[in-house]
Amino acid sequence: MKKITNDISTSTKKSMLTRIITGIVLALVSIPCLVLGSWYFFGLTVLITFIAAYETVKVTDLKGLMKIFIYLVTIVFSVGIIYYCIFQKNSDAIRGGDTRVFKDPVFFMNTFSDISLSIMLITLMCAVYFLISFAAEPFTIGHVFYFISMILVLAIGIQSFLYLRYVPFKFFAEEWKTEPLKIYSNEFKYGQSMFLFIYVVLGTMMNDIGAYFIGLLFGKHKMNERISPKKTWEGFIGGVVFSLICSITFALIVAALGKPILPIFDLSHLYFVIIISILLPLIADVGDFVFSAVKRSFGVKDFSAILPGHGGLLDRIDSLIFASALVSSLIIFIDLVLGGTL
């Protein structure tokens, strides 16, 4: 009789244990930052930015002083493009030396209420990378387009993290004003504000977990061996199903408890929950393939070895970057269509 499941080797079991331990450590670091919000979550995104910029450069074929120089340029533009909106949206207070703006919880809502990248810095970034390619032979036009593309993807993704964590203040502002004990604490310590980010992380994470285990046990038909040799159609379907079940269930439970993720995620708007929950794992898989294609183009397996069992940080958050950008874009679009009455 033909076996239904695949055999799991000893090395795979050991790798699985390493992945689980690393995942627990990551959770212990990131969950408190997510729950507390405020400057804690903001600080976590800054750390992610620095590590992501490092891995973006590390994966390339650049060497020596050129690699160090490009890392410095990459981190400067990554940080600048992502966080320039802090100055842009609070310029009057900053120029006037009013530091109270940074102590006000509404600061994060006002600053990250949309996805806002600096066109000025993006233009300057393009010019600098092109000039480097003209002056330094090892830095090719291919490198120019790679770094510009990666920084823009990271910028949109990390700003989406900030948007998803802080935008509930905008949409629930009027409701929360009637509950002063719950809303205007100095730290973002009330639960409902983090539900949106948890929803996206849960949908993305369960897609990864479902794809990994279903693919490991039942995977036989490869999706695209050229880009991602281990991914199978069985794993893909398993991941989408796992993601759908978990994300929709989470959204329905909190809505039934009277604490919906957003006003459009309540029980009377189930179609929004279903549509976004379906699209979320699909775009997450696109993100996974995009970053896999980048690694294959440079002939490496992982972006780095900073996370045992997982590879680099970008290997872990590639799907989340694309999923967060999609959900953020859909929420912004829906709010626009509804005339800002979301």
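Owing to the predicted nature of the structure, the values given are computational and were not obtained by experimental measurement.

Cut-offs used in this document
- Residues numbered from 1 in each chain as written.
- Predicted model: local features only at pLDDT ≥ 70, side-chain atom pairs only at ≥ 80, totals over all residues.
- Heavy atoms only, no water.
- Helix = DSSP H or I, 4+ residues; strand = E, 2+ residues; numbered from the N terminus.
- Buried < 20%, exposed > 50% of the residue type's maximum accessible area, 1.4 Å probe, protein only.
- Areas by Shrake-Rupley, 256 points an atom, 1.4 Å probe, with all protein chains shown as cover.
- Expected span 1.5 Å × (residues − 1).
- Arc of directions from axis to C-beta.
- Contact = heavy atoms within 4.5 Å.
- Core = buried A, V, L, I, M, F, W, Y, C linked by side-chain atoms within 4.5 Å.
- Polar contact = N/O pair within 3.5 Å; in protein donor to acceptor, adjacent residues only side chain to side chain.
- Phe/Tyr/Trp six-rings, centres within 6.5 Å; stacked < 30°, edge-to-face > 60°.
- pLDDT = per-residue confidence, 0-100.
- Bend = angle between axes of the 7 residues up to and from the residue.

Draft legend 1. Quick look at the overall build of the protein chain. When you go through the protein chain residue by residue, the secondary structure sums to 14 helices and two strands. Residue burial in the protein chain is summarised as follows: out of 342 residues, 47% are buried. If you sum the accessible surface of the protein chain, you get close to 16,600 Å²; carbon and sulfur atoms cover 71% of it.

Draft legend 2. Local environment of helix α6 (residues 119–135). For α6, spanning 17 residues, the distance from its first C-alpha to its last is 24 Å, which sits close to the expected 24 Å at 1.5 Å a residue. Buried within α6 are the following residues: L121, I122, M125, Y129, I132 and S133. Across the axial projection of α6, the buried residues extend over an arc of 110 degrees, all falling on one side. Across from the buried face of α6, at angles greater than 90 degrees, the exposed residues are I119, M120, L131, F134 and A135. Looking at the packing, one finds that the buried side of α6 touches α3 (64–89) and α7 (141–166).

Draft legend 3. Here's a closer look at the nonpolar core. One finds I81, Y129, F139, Y199, I261, L262 and L314 to be the most contacted residues of the largest nonpolar core, which totals 82 residues. A total of 14 residues in this core trace back to one element, the largest contributor, which is α7. When near neighbours in sequence (up to four residues on either side) are disregarded, I261 contacts F172, F195, L196, Y199, F250, A251 and V254.

Draft legend 4. Broad picture of unusual backbone geometry. Positive phi outside glycine occurs at S38, with the angle close to 45 degrees. Here S38 shows up in helix α2 (residues 38–58).

Draft legend 5. Structural context of the side chain of T111. Considering the arrangement of structural elements, one finds T111 in helix α5 (residues 106–111). At 2.7 Å, the side chain of T111 and the backbone oxygen of F107 are in polar contact. With residues near it in sequence (within four places) discarded, T111 still touches C85, I86, K89 and N90.

Draft legend 6. Looking closely at the packing of aromatic side chains. Within this structure, the stated rule accounts for 29 aromatic pairs. Ring centres of F77 and Y129 lie 6.3 Å apart, and the angle between their planes is 45 degrees; on these two criteria the pair is classed as tilted. Pair noted here: F77 is in helix α3 and Y129 is in helix α6, with a separation of 52 residues, a long-range link. Judged by its relative accessible area of 7%, F77 falls in the buried class. Aromatic pair F291 and F303: ring centres 5.8 Å apart, planes at 65 degrees, arrangement edge-to-face. Of this pair, F291 sits in helix α13 (residues 270–298) while F303 sits in the loop between α13 and α14 (313–337); the two residues are 12 residues apart in sequence, bridging distant segments of the chain. Grouping aromatic residues by their ring pairs yields a cluster made of W39, F41, F42, Y83, F107, F108, F112, F161, Y166 and F197.

Draft legend 7. Local environment of the confidence of the model for the protein chain. In the predicted model, the protein chain carries a mean pLDDT of 86, and the fraction of residues at 70 or more is 87%. Counted against residues more than four places away or in other chains, residues 180–189, with its pLDDT under 50, gives 27 contacts.

Draft legend 8. Seen up close, α3. A rise of 1.5 Å per residue sets the reference length of α3, with its 26 residues, at 38 Å; its end C-alpha atoms lie 39 Å apart and thus fit the reference within 8%. The sharpest bend along α3 reaches about 45 degrees and sits at I82.

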